[in-house]
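So you can see what is in the structure, the chains are spelled out below.
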Amino acid sequence: MTYELVLLRHGESEWNAKNLFTGWVDVDLNDKGRREAVHGGELLAEAGLLPDVVHTSLLRRAITTAHLALDVCDRHWIPVRRSWRLNERHYGGLQGKDKKQTMEEYGEEQFMLWRRSFDVPPPPIAEDDEYSQFGDPRYAGLGDDMPHTECLKDVIVRMLPYWESDIIADLRDGQRVLVAAHGNSLRAVVKHLDGISDEDIAGLNIPTGMPLLYRLDDDFRPTVPGGEYLDPEAAAAAAAAVANQGR
Ligand SMILES: O=C(O)[C@@H](CO)OP(=O)(O)O
């Protein structure tokens with residue numbers, strides 16, 4: 001049995017375009033991001049990879065991306081499941097800050113540690129910060145799980161229970177699963193799937209709006225390591241642009 005999983009990072013958001021750290025701030029897609037989402041859906045249709053069920057985060061850039069992509073391939077009606085566990089990595093006190101200015105202020109090494117190291121979280125956010133999510137009703141049930149900041153390691157810890165209980169369950173049922181999420185929550189999924197080391201994951205960047213197909217074997221391991229982008233050339237160029245943010 002081969003299981004089919006498609007990962008889709010949301011299209012470009014208003015803050016991606018402005019080069020601001022976003023994290024859990026609920027920023028919308030911009031026009032380019034909406035076009036990317038539609039194109040992602042067209043690629044799914046062309047490849048005959050119509051999803052049976054979609055999982056998203058609680059953030060509108062992922063929710064809208066999933067809707068636009070599914071609408072264009074006539075799959076707007078499939079079951080939707082959402083979880084905070086698929087949210088972007090919480091960027092702590094960096095949320096709302098300009099990436100270029102942050103790099104200039106703290107230096108490239110610290111900047112890259114915060115962005116891409118496995119286990120160095122950014123400084124925590126104050127609960128009354130203008131970009132804090134404390135008090136947001138969608139997170140009312142989180143209790144002590146509500147983060148003040150997260151590194152990639154933290155994202156893996158909170159994402160994996162959902163992977164095991166909900167996403168694997170749908171795959172096991174024979175559903176083709178679409179996961180519409182974020183740069184760093186999808187890096188967590190890919191690290192887990194491909195068994196990427198804590199060091200090597202720093203070099204992995206996921207482009208916006210590009211469907212990434214994983215066919216998984218009986219043990220839910222990829223049959224092709226790294227999966228297959230439906231448009232590999234465009235994906236490579238877009239991933240390089242993510243890597244260079246801040247410069
Ligand atoms: O700002 C963010 O939340 C993320 C994704 O857009 O940025 P980065 O790629 O720098 O981790």
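Given the structure is predicted, the values throughout are model-derived calculations rather than measurements. (Residues numbered from 1 in each chain as written. Predicted model: local features only at pLDDT ≥ 70, side-chain atom pairs only at ≥ 80, totals over all residues. Heavy atoms only, no water.)

Caption draft 1: How the structure looks around the sheet that holds strand β3 (residues 80-82). If you walk across this open sheet you meet the six strands as β3-β2-β4-β1-β5-β6, and the pairing is mixed. Both edges of this open sheet fall to β3 and β6 (228-229), since each of them pairs with a single strand only. Here three bridges tie strand β2 (residues 53-56) to β3, and the two strands are oriented parallel to one another. Considered in β3, the bridge of Thr 56 is made with Arg 82. Sitting on the sheet, helix α3 (residues 60-72) touches β1 (3-9), β2, β3 and β4 (177-181), and the angle it makes with β2 is about 160 degrees. (Pairing = 2+ DSSP bridges. Helix = DSSP H or I, 4+ residues; strand = E, 2+ residues; numbered from the N terminus. Contact = heavy atoms within 4.5 Å. Axes fitted to C-alpha atoms, helices over the stretch in contact; angles between N-to-C directions.)

Caption draft 2: Looking closely at the UniProt feature "site: Transition state stabilizer" (unreviewed entry) in the protein. The UniProt record marks His 182 with the feature "site: Transition state stabilizer" (unreviewed entry), using the residue numbering of this structure. Considering the arrangement of structural elements, one finds His 182 in the loop between β4 and α7 (183-194). In this structure, His 182 is in contact with Arg 9, His 10, Ser 57, Leu 59, Arg 61, Ala 62, Leu 86, Asn 87, Glu 88 and Arg 187, ignoring residues within four places of it in sequence. (UniProt positions renumbered as here; feature names shortened; annotations may be inferred.)

Caption draft 3: A look at helix α4 (residues 99-106). Buried within α4 are the following residues: Lys 99, Thr 102 and Met 103. Around the axis of α4, the buried residues are gathered within 100 degrees of arc, so they sit on the same side. Facing away from the buried side of α4 by more than 90 degrees, the exposed set consists of Gln 101, Glu 104 and Glu 105. Against the buried residues of α4 lie α5 (108-116). Residue Asp 98 occupies the N-cap position of α4, its side-chain oxygen lying 2.9 Å from the main-chain nitrogen of Lys 100. Note on α4: the residue one or two positions beyond its end, Gly 107, has a positive phi of about 90 degrees. (Buried < 20%, exposed > 50% of the residue type's maximum accessible area, 1.4 Å probe, protein only. Arc of directions from axis to C-beta. Polar contact = N/O pair within 3.5 Å; in protein donor to acceptor, adjacent residues only side chain to side chain.)

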